[in-house]
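# A closer look at the structure
Chain by chain, the residues:
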Amino acid sequence: MRKSSFLCFVFATIFTNLFAQGQINIIQNIKARNILNLDGKWHYIVDPYNTGDGSRFFSNKIQGSPDELVEYDFSSAPTLSVPGDWNSQQNDLLYYEGAVWYERDFVARPKQGKRYFLNFGAVNYKADVYLNGRLLGTHEGGFTPFQFEVTDKIEDGDNFIVVKADNTRYAENVPAENFDWWNYGGITRDVVLAEMNETYINDYSLQLTNDMKNVTGYVQLNGMQTSQQVTVQIMEANLQIKIPTNSSGRATFIFPIKNIEFWSPENPQLYTIKILATSDTTTDHIGFRTIETKGKNILLNGKPIFLRGVCLHEENPMIPGRPRSKSDLKMLLSWAKELNCNYVRLTHYPHNEYMSQLADEMGLLLWEEVPVYWSIDWENNDTYESAKQQLSELIYRDKNRASVIIWSIGNETPNTDTRNKFMGDLADHVRRMDTTRLVSAALLGYIDSTKTFRMNDSLGKKLDLLSFNEYIGWYIESPAEIPQYNFAIDADKPVIISEFGAEALGGFYADTATRFSEEMQELFYKNQFKLISDIPALRGTSPWVLVDFRSPKRLNPIYQEGWNRKGLYTETGKKKKAFFVVKGWNDAMQKKYG
Ligand code: GCB
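Residues numbered from 1 in each chain as written. Predicted model: local features only at pLDDT ≥ 70, side-chain atom pairs only at ≥ 80, totals over all residues. Heavy atoms only, no water.

### Notes on helix α2 (residues 353–362)
Note on helix geometry: an α-helix contains 3.6 residues per turn, so any two residues three or four positions apart are oriented the same way. Selection criterion: Exposed residues in this analysis have more than 50% of their type's maximum accessible area, buried residues have under 20%, and partly exposed residues fall in between, with area computed by a 1.4 Å probe over protein chains only. Helix and strand assignments come from DSSP, with helices taken as H or I runs of at least 4 residues and strands as E runs of at least 2, each series counted from the N terminus.
For α2, a buried count of eight out of 10 residues is recorded, marking the element as mostly surrounded by other parts of the structure. Residues of α2 that are buried: Tyr354, Met355, Ser356, Gln357, Leu358, Ala359, Asp360 and Met362. Positioned one or two residues after α2, Gly363 has a phi angle of 80°, which is positive.

Printed below as a string of structure tokens:
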């Protein structure tokens, strides 16, 4: 790279602060740092009666002499793989909900002048984390990352971490007690220890401005040396800007761009980003695109698009449970690609961060969501704070991913005043954090006596998209009756059907009037696509769901056996007949919208 050819602009006075990050303080893209990976086998003790706090499991005591009474012992306890849920690793833990204590030893050689951070990708639902017997802190929310600084607690030599993971469901949690997926518990994502300089690059954002002429964003340092010179480079485009940070360690910038290919599903172009401060350097891969709505259209890089989507749970169908590696997730996204999708709705909670990185690389647009699902304790301020925190952690983590175009603040919630206040405030919060993406929620409509589907959800006003779930032909009558229905959706904004689907047990063939047959599911989609084609503002569909997934609510002993069978693929990756109907629709929409 010829440095002399870099365009260089001194710190511009015009800048936009696109991300106000609130309280979150996590190292951005930590995997690009000098890390010790702490995945692998962790000892565990199942603690259904919550004995561990009183018995001080966190001190990881080893019996010193034969007469000493210690009623637990991690060193001889069995192990679980991390990342991974406990339910899918031990038969007797399949339905377990409660506390499980994890322990792992590691050796560290902390260096003078360095700082150390322990980072968890996710623990479901509540995690109490201890290092060498001392409490580092507690995190709630099962699907977002958190971190603790351990500089003054880490030992030279042997160390141990103890985590109490508790997936008990409570009415005031987010999600609350009732949801249609498996409550997989445990340390479900990676654990790493990062070594950082005293002052390091903690966070950054790079976004294309809506006029597509500039890149704008910020760099945020953490440490004592707050005033530094920072350089941001977009390597393959030979662009860079040099800027000073202020006394809070923050530099905000905007600079014109040249030679940038915009990111899209057809051309998922990513650029190598280097950020160089005096005391630290980091890298990332970022794509540049714009997303907005205009009347009934969704515009990607200024051009109308149709979202050819599908919904997805974060579950590995082959070894039912949370995916344990990036390749598990890649398999799922490849299946969506086979369906000719350009878009995926990641339901109903923040998925693994690899998902948005893979979507960036593979060219898939994403809807990301927080588990404000069905019935939540709308009047409880702690519940609101938890939802807000989970949303903030998700936005903070994924703000540099071009694939992410929609933040969803919830799914199928009742149209009541308390919910409208709760979710209305969440929508405002998203807009304060990120002005570059769309805000949505999967809403519910109603059907009147003339079999007309209508929307009157007052939350709709706060959202950029009118998205709703509908199950005409499955929960309401049967697929053969779908033609009797119609939609009266008079929206002045893009309409997305965020869910519609029917169950079929893969390999069960019968006539179209037989529940759980592949033929009935096939007819459902044929008739649905005819029905929804009449919605003038329809700009996206995400059938429910890509793959059969586990749910303790699905109890039919012949067809379900604990599985929600609305997948277009079976749990072993076999395409059902309906797959081809959905693919046909996606092919047709591709022809129409390009
Ligand atoms: C829904 C929910 C989804 C369920 C699905 C179903 O409306 O949003 O989480 O799994 O219906 O299969 O009933």
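### Digging into the domain arrangement of the protein chain
Often, the extent of an interface is quoted as the loss of accessible area on bringing the components together. The condition is simple: Residue ranges assigned to the domains are those given by an automatic or database domain assignment. Note on contacts: a residue pair is in contact if any heavy atoms of the two residues lie within 4.5 Å. As used here, buried area is the combined drop in accessible area, with a 1.4 Å probe, of two parts when they are placed together. Any pair of N or O atoms that falls within 3.5 Å is considered a polar contact. Within protein, one atom must be able to donate a hydrogen and the other to accept it, and sequence-neighbouring residues count only if both atoms are side-chain atoms. Residue type decides the class: Asp, Glu, Lys and Arg count as charged, Ala, Val, Leu, Ile, Met, Phe, Trp, Tyr, Cys and Pro as nonpolar, and the leftover types, Gly among them, as polar.
Here the domain parsing of the protein chain yields domain 1 (3–25 + 198–289), domain 2 (40–82 + 84–188) and domain 3 (301–593). Measuring from the centre of the C-alpha atoms in domain 1 to the corresponding centre in domain 2 gives 36 Å. Contacts between domain 1 and domain 2 engage five residues on the former and four residues on the latter. Summed over both partners, the interface of domain 1 with domain 2 comes to about 340 Å²; 36% of that surface belongs to carbon and sulfur atoms. Looking only at domain 1, the three residues that lose the most surface to domain 2 are Asn25, Glu198 and Tyr200, adding up to 86% of its buried area. Summed over the shared surface of domain 1 and domain 2, the result is three residue pairs in polar contact (both at pLDDT 80 or more). Split by residue class, the side of domain 1 that touches domain 2 holds one nonpolar, three polar and one charged.

### Describing the packing of helix α1 (residues 326–338) against α2
For any two helices packed against each other, the geometry is given by the interaxial angle and the distance between the axes. Defined as follows: The axes used here are C-alpha line fits, helices contributing only the stretch in contact, and every angle between their N-to-C directions lies in the interval 0 to 180 degrees. Angles are sorted into four bins: roughly parallel if under 35 degrees, roughly antiparallel if over 145, roughly perpendicular if 65 to 115, and oblique for all others. The handedness criterion is simple: a crossing whose near helix is rotated anticlockwise from the far helix by less than a right angle is left-handed, and one whose near helix is rotated clockwise is right-handed.
At a minimum axis distance of 10 Å, the contact between α1 and α2 shows a crossing angle of 45°. Classed by the angle they form, the pair α1 and α2 counts as oblique. The two elements α1 and α2 meet at a crossing, and its hand is right-handed. Each of Lys326, Leu329, Lys330, Leu333, Ser334 and Lys337 in α1 lies in contact with α2, whose residues at this interface are Tyr354, Met355, Gln357, Leu358, Ala359, Glu361 and Met362. Along the lines of polarity and charge, the residues of the contact of α1 with α2 split into seven nonpolar, two polar and four charged.

### Some remarks on the confidence of the model for the protein chain
Here is the rule we go by: pLDDT: the predictor's confidence for each residue, scored from 0 to 100.
Here the protein chain averages 95 in pLDDT, while 96% of its residues score no lower than 70. Ranking the helices and strands of the protein chain by mean pLDDT puts strand β27 (residues 365–369) first, with 99, and strand β1 (residues 7–9) last, with 35. Confidence drops under pLDDT 50 across residues 1–22; counting only partners more than four residues distant or on other chains, this segment forms 55 contacts.

### Considerations on the packing of aromatic side chains
Put simply, the test is: Any pair of Phe, Tyr and Trp rings, taking the six-membered ring for Trp, is counted once the centres come within 6.5 Å. Such a pair is stacked with planes under 30 degrees apart, edge-to-face with planes over 60 apart, and tilted for the rest.
Following the criterion strictly, the structure yields 40 aromatic pairs and no others. Between Phe57 and Phe74, the ring centres sit 6.3 Å apart and the planes meet at 85°, which makes this aromatic pair edge-to-face. Separated by 17 residues along the polypeptide, Phe57 in the loop between β3 (40–47) and β4 (79–82) and Phe74 in the loop between β3 and β4 bring together distant segments of the chain. Each member of the pair Phe57 and Phe74 is classed as buried. The structure contains a cluster of three or more aromatic residues connected by ring pairs, namely Phe306, Phe500, Phe524, Tyr525, Phe529, Trp585 and Tyr593.

### What to know about the nonpolar core
For clarity, the cut-off: Remark: nonpolar core denotes a set of buried residues (Ala, Val, Leu, Ile, Met, Phe, Trp, Tyr, Cys) joined through side-chain atoms within 4.5 Å.
Membership of the largest hydrophobic core comes to 81 residues, with the highest contact counts inside it found for Val372, Ile409, Phe468 and Ile489. Each of two domains, domain 2 (40–82 + 84–188) and domain 3 (301–593), supplies a minimum of three residues to this core. Sequence-distant contacts of Phe468, that is, excluding residues within four places in its chain, are made with Leu443, Phe453, Met455, Phe487, Ile489, Val495, Ile496, Ile497, Ser498, Glu499 and Ile535. Core analysis: the second largest hydrophobic core is formed by 30 residues, Trp86, Leu93, Tyr116 and Val150 among them.

### What about empty space enclosed by the protein?
The condition is simple: Both site types are read off a 1 Å grid over the protein atoms alone. A 1.4 Å probe that fits but cannot get out defines a cavity, while an open set with protein on both sides within 12 Å along at least five of seven lines defines a pocket; lining residues have an atom within 4 Å of a point. Grid points are joined across faces, edges and corners, and a volume is the space filled by probe spheres set on the points.
Applying the stated criterion across every chain yields a total of five cavities of 30 Å³ or more. One number sums up the size of the largest cavity: a volume of about 210 Å³. Contributing to the lining of the largest cavity are 17 residues, with Ile30, Asn119, Pro145, Glu353 and Arg397 lying nearest its centre. In terms of residues, the lining of the largest cavity owes the most to one element, helix α3 (residues 381–398), which gives three residues. Among the residues making up the lining of the largest cavity, the classes are represented as six nonpolar, five polar and six charged. When we break the lining of the largest cavity down by domain, the ones giving at least three residues each are domain 2 (40–82 + 84–188) and domain 3 (301–593). A volume near 80 Å³ is recorded for the second largest cavity. Taken together, 16 residues form the lining of the second largest cavity, with Asn124, Tyr125, Pro175, Phe179 and Asn183 sitting closest to its centre.

### Comments concerning the site of the ligand
The condition that has to hold: Near residues are defined by distance, with any heavy atom within 4 Å of the molecule or strand qualifying the residue. Under the convention used here, a 1.4 Å probe and the Shrake-Rupley method define accessible areas, while residue burial counts only the protein chains that appear.
The environment of the ligand is made up of 14 residues, and the closest members are Asp180, Tyr373, Glu412, Tyr475 and Lys566. One nitrogen or oxygen atom from the side chain of Asp180 is found 2.5 Å from an oxygen atom belonging to the ligand. A distance of 2.7 Å is found between an oxygen atom of the ligand and a side-chain nitrogen or oxygen belonging to His348. With the chains in place, 97% of the 320 Å² that the ligand exposes on its own is no longer accessible. Across the shell around the ligand, the residue classes tally to five nonpolar, four polar and five charged.

### With respect to the sheet that holds strand β14 (residues 200–208)
Put simply, the rule is: Note on pairing: DSSP must find at least two bridges between two strands before they are called paired.
The strand order across the open sheet formed by three strands is β14-β15-β18, and the pairing between neighbours is antiparallel. Of all the strands in the sheet, the pair left with one neighbour each is β14 and β18 (250–256). Direction aside, neighbouring strands of the sheet carry axes that sit 15° apart on average. Here β14 pairs with strand β15 (residues 214–222) via eight bridges, running antiparallel. Considered in β15, the bridge of Gln207 is made with Thr216.

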